[in-house]
Amino acid sequence: MQQSRGRPRSFDRDTALRLAMQVFWNKGYEGTTMADLTTAIGVKAPSLYAAFGDKNALFREAVEFYSKTTAIGPMDALRQGRPIEQDLSAMLHASVTLYGDPANGKGCMVVTSAINCAPENAAHTVELAQRRQSKRAALEQRFLQAQQQQQLHADADIAGLADFYTAVLHGLSLSARDGISMERLSNTICHAMRALEAVLQRSEEKQ
């Protein structure tokens with residue numbers, strides 16, 4: 001088999017992606033330079049280019065890495081199969097824990113890292129918007145499942161609930177970015193859960 005050309009990689013790929021992810025997460029796509037990335041990862045530019053290509057390609061890989069590793073906990077919590085109020089609350093609290101973890105960037109990388117991009121980089125804005133819509137669709141599917149299981153009223157606005165809790169997640173992300181404390185973010189979740197309580201199907205109502 002023909003060997004690839006270029007300098008050999010002197011770093012672990014996943015470690016490099018995690019470090020790149022943190023830089024993009026903190027500085028955003030436009031605010032991140034290749035110098036930032038090479039400094040964070042601890043390699044020379046030729047090695048980084050040989051492993052990942054250009055900054056565009058590295059950003060896409062970093063976002064995918066974020067979605068499959070760091071950000072997977074909240075969505076796993078949503079799909080545990082417990083009563084919907086428990087799964088939803090666990091997902092929101094897991095999100096707040098993620099957004100406020102000092103080991104990472106503040107907030108959600110998919111929400112904050114490519115909001116304002118130059119026209120030539122608009123594809124990143126579109127891709128992250130699609131990822132946010134995928135999360136909204138997952139919420140809608142979970143609410144629909146709960147409705148089918150008679151945990152929510154038959155006339156509950158499932159799409160509206162998905163829109164509302166997507167907005168809550170985005171608001172929590174930006175609040176964490178602004179330095180709002182974990183205590184206040186958790187208190188916000190308590191208020192947000194009341195929207196679900198209003199459409200919960202109580203056991204006595206099922207009889």
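Residues numbered from 1 in each chain as written. Predicted model: local features only at pLDDT ≥ 70, side-chain atom pairs only at ≥ 80, totals over all residues. Heavy atoms only, no water.

**A few points about the overall build of the protein chain**
If you tally the helices and strands in the protein chain, you get eleven helices and zero strands. For the protein chain, the succession of helices and strands along the chain, N to C, is α-α-α-α-α-α-α-α-α-α-α. Buried positions account for 41% of the 207 residues belonging to the protein chain. Intrachain contacts of the protein chain at a sequence separation of at least 6 include 71% that bridge at least 24 residues. A total of about 11,000 Å² of accessible surface is found on the protein chain, and carbon and sulfur atoms cover 50% of it. Across the protein chain, the 23 positively charged side chains and the 22 negatively charged ones have centroids separated by 8 Å. (Helix = DSSP H or I, 4+ residues; strand = E, 2+ residues; numbered from the N terminus. Buried < 20%, exposed > 50% of the residue type's maximum accessible area, 1.4 Å probe, protein only. Contact = heavy atoms within 4.5 Å. Areas by Shrake-Rupley, 256 points an atom, 1.4 Å probe, with all protein chains shown as cover. Lys, Arg positive; Asp, Glu negative; His and termini not counted. Charge placed at Lys NZ, Arg CZ, Asp CG, Glu CD.)

**A look at the packing of aromatic side chains**
Under the counting rule described, the total for this entry stands at six aromatic pairs. The interplanar angle of 80° and the centroid separation of 5.0 Å between the aromatic rings of Trp25 and Tyr66 together place this pair among those described as edge-to-face. Here Tyr66 lies in helix 4 (residues 55-68) and Trp25 lies in helix 1 (residues 13-31), a separation of 41 residues in the sequence. Here the aromatic rings of Phe164 and Tyr165 are separated by 4.9 Å at their centres, their planes lie at 80°, and the arrangement is edge-to-face. Overall, Tyr165 belongs to the buried group, its relative accessible area being 0%. (Phe/Tyr/Trp six-rings, centres within 6.5 Å; stacked < 30°, edge-to-face > 60°.)

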